[in-house]
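A closer look at the structure
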Amino acid sequence: MTPPVEPEDEGYRPRLIRSYTITAGRTATKVDLAMEATLRLQAGAEAPVLTPSAAQVLEVCDRRSVAEVSALTKMPIGVTRVLLGDLIEQGLVRIQATITEKTSTDERLELIERTLRGLRNY
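Every value quoted in this text rests on a predicted model; they were computed, and no experiment measured them.

Analysis parameters
Residues numbered from 1 in each chain as written. Predicted model: local features only at pLDDT ≥ 70, side-chain atom pairs only at ≥ 80, totals over all residues. Heavy atoms only, no water. Helix = DSSP H or I, 4+ residues; strand = E, 2+ residues; numbered from the N terminus. Buried < 20%, exposed > 50% of the residue type's maximum accessible area, 1.4 Å probe, protein only. Contact = heavy atoms within 4.5 Å. Pairing = 2+ DSSP bridges.

1. Describing the overall build of the protein
- When helices and strands are tallied, the protein shows five helices and three strands.
- Shown N-terminal to C-terminal, the secondary structure of the protein runs as helices and strands in the order α-β-α-β-α-α-β-α.
- The burial tally for the protein puts 32% of its 122 residues in the buried class.
- Within the protein, residue pairs in contact and separated by at least 24 positions form 73% of the contacts whose partners lie at least 6 positions apart.

Structure representation (structure tokens):
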């Protein structure tokens, strides 16, 4: 008798819940969120009762891009955008300006590198 096959990556756990269940069937949000958009927690905002998925996103989103949050939570980018959109509408998270006319080349490169790291981790 052969032993059962174990997944190579012990951190990997398949999702038991479909993505559309997490977002209540929504695929879009009222908030336009680019993958490289940097997020910040709103100081002093009290979180209402959140779904476990929304709470997970809220826990890791401060000072990270949408792509990084998606990678860290191991959720598809579309699901992450919908959940972040809800958190922004509730006043718990805000979008930090990422690139302006005054942004240096080094800051632009750092943003691109962070976004790529987040995507690679996904």
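Don't stop here, the text continues.
2. Details of the sheet that holds strand 3 (residues 93-96)
- Spatial ordering of the open sheet is given by 2-1-3, a layout of three strands whose pairing is antiparallel. The sheet is open, and its two borders are formed by strand 2 (64-65) and strand 3, each paired with just one other strand.
- Alignment of strand 1 (residues 38-41) against strand 2, held across two bridges, turns out to be antiparallel. Bridge pairing links L39 to R64 in strand 2.

Remember that the coordinates give geometry; whether it matters functionally is a separate question.
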